[in-house]
Amino acid sequence: MSGYRLATYQSANGARAGIIVGENVYDAQELTGQAADASVLGIVQDWRRASDRIASAVKSPKAKPTKLSQTHLRAPLLGAGALYCAGANYRDHAIEMATKLKRPLDPDPKLSGGKPWHFLKPGHCVADPGATVTATHLTKKLD
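These numbers come from a predicted model, not from an experiment.

Take the nonpolar core next. Residues Ile19, Tyr26, Leu31, Ile43 and Val58 are the most contacted members of the largest nonpolar core, which totals 17 residues. At the level of elements, strand S2 (14–21), helix H1 (28–32), helix H2 (40–45), helix H3 (47–59) and strand S5 (82–86) are the ones that each hand at least two residues to this core. The element that contributes the greatest number of residues to this core is H3, accounting for four residues. By size, the runner-up hydrophobic cluster in this structure holds five residues, among which are Tyr9, Ile20, Val25 and Leu68.

Here is the structure:
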């Protein structure tokens, strides 16, 4: 096994950190045996060591997987105060919006040598996949 993704999923015991390998989801704490790996926030806070533990554990997993198609995914990082986002990760969205609005696409900062840009998302603004997000009267434009 090689390559994995982090996720938060809903288990019978609440939200848990999951390690997605292919079409399988492993409970991160069960996979590594480390209590701190029960949440994605715990993993991220100790990323230097946790990434090595996870990379080792996915090579020969001893935990029982659940099929990704049978897993209820949650917001990726529960309990974060703020998320720092890189605009380059949203290139597909920029292309989609330019096409929809029939506007020319700005050059890709990665390819054009432009400076990277970043933005913040307050942690309370992150929703579970497929959740309904309701715009309030304070929102002029919801994207």
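Burial along S5 is one-sided: Leu83 and Cys85 are buried, and none of Ala82, Tyr84 and Ala86, which face the opposite way, are. Sheet topology note: the S5/strand S6 (residues 118–122) ladder contains five bridges and is antiparallel. Bridge assignment links leucine 83 to a residue of S6, and that residue is lysine 121.

This brings us to the confidence of the model for the protein chain. When pLDDT drops low, the exact placement of atoms in the prediction is not to be read closely. A residue-level look at the protein chain finds 95% of positions with pLDDT of 70 or above and a mean pLDDT of 85. Taken element by element, the protein chain is modelled with least confidence in helix H5 (residues 109–112), mean pLDDT 70, and with most confidence in strand S3 (residues 24–27), mean pLDDT 96.

Residues spaced three or four apart along an α-helix point in a common direction, a consequence of the helix completing one turn every 3.6 residues. The end-to-end C-alpha separation of H3 is 18 Å, in line with the 18 Å expected for 13 residues at 1.5 Å each. Every buried residue of H3 is listed here: Ala50, Ser51, Arg53, Ile54, Ala57 and Val58. Taken down its axis, H3 places every buried residue within 165° of arc, on the same side. Facing away from the buried side of H3 by more than 90 degrees, the exposed set consists of Arg48, Asp52 and Lys59.

In this section: the sheet that holds strand S1 (residues 5–11). Read from one edge to the other, the open sheet built from four strands follows the order S1-S2-S3-S4, with strand pairing classed as antiparallel. Taken across any chain shown, the strands that pair with only one partner, and hence form the sheet edges, are S1 and strand S4 (66–67). Where S3 meets S4, two bridges bridge the pair, whose relative direction is antiparallel. Bridge pairing in S4 places asparagine 24 opposite lysine 67.

Turning next to the pattern of salt bridges. For side chains of opposite charge, pairing can occur when their charged atoms come near one another. Enumeration according to the criterion identifies five salt bridges in this entry. Here arginine 53 makes a salt bridge to aspartate 46, at a shortest N to O gap of 3.5 Å. Side by side, arginine 53 and aspartate 46 carry an identical accessibility label, which is buried. Through salt bridges with shared partners, one network takes in Asp37, Asp46, Arg49 and Arg53.

Time to look at the environment of arginine 74. Tracing the chain through its elements places arginine 74 in the loop between S4 and S5. Each C-alpha atom, one on arginine 74 and one on lysine 59, is 25 Å from the other, the two residues being 15 residues apart in sequence. Ignoring anything within four residues of it in the chain, the contact list for arginine 74 reads Thr8, Tyr9, Gln10, Ala15, Asp128 and Pro129. Within the structure, the side chain of arginine 74 is placed 2.8 Å from the side chain of aspartate 128, a separation counted as a polar contact.

Further remarks concern the side chain of serine 11. Relative to the helices and strands, serine 11 resides in strand S1. Judged by its relative accessible area of 19%, serine 11 falls in the buried class. Engagement of the side chain of serine 11 in a polar contact is seen with the backbone oxygen of glycine 14, the distance being 2.8 Å.

The phi dihedral of lysine 102 falls on the positive side, at around 55°, and the residue is not glycine. Inspection of the secondary structure puts lysine 102 in the loop between helix H4 (91–100) and H5. Lysine 102 sits in the exposed class, given a relative accessible area of 76%.

Quick notes on the rules
- Residues numbered from 1 in each chain as written.
- Predicted model: local features only at pLDDT ≥ 70, side-chain atom pairs only at ≥ 80, totals over all residues.
- Heavy atoms only, no water.
- Core = buried A, V, L, I, M, F, W, Y, C linked by side-chain atoms within 4.5 Å.
- Buried < 20%, exposed > 50% of the residue type's maximum accessible area, 1.4 Å probe, protein only.
- Helix = DSSP H or I, 4+ residues; strand = E, 2+ residues; numbered from the N terminus.
- Pairing = 2+ DSSP bridges.
- pLDDT = per-residue confidence, 0-100.
- Expected span 1.5 Å × (residues − 1).
- Arc of directions from axis to C-beta.
- Salt bridge = Lys/Arg side-chain N within 4 Å of Asp/Glu carboxyl O.
- Contact = heavy atoms within 4.5 Å.
- Polar contact = N/O pair within 3.5 Å; in protein donor to acceptor, adjacent residues only side chain to side chain.

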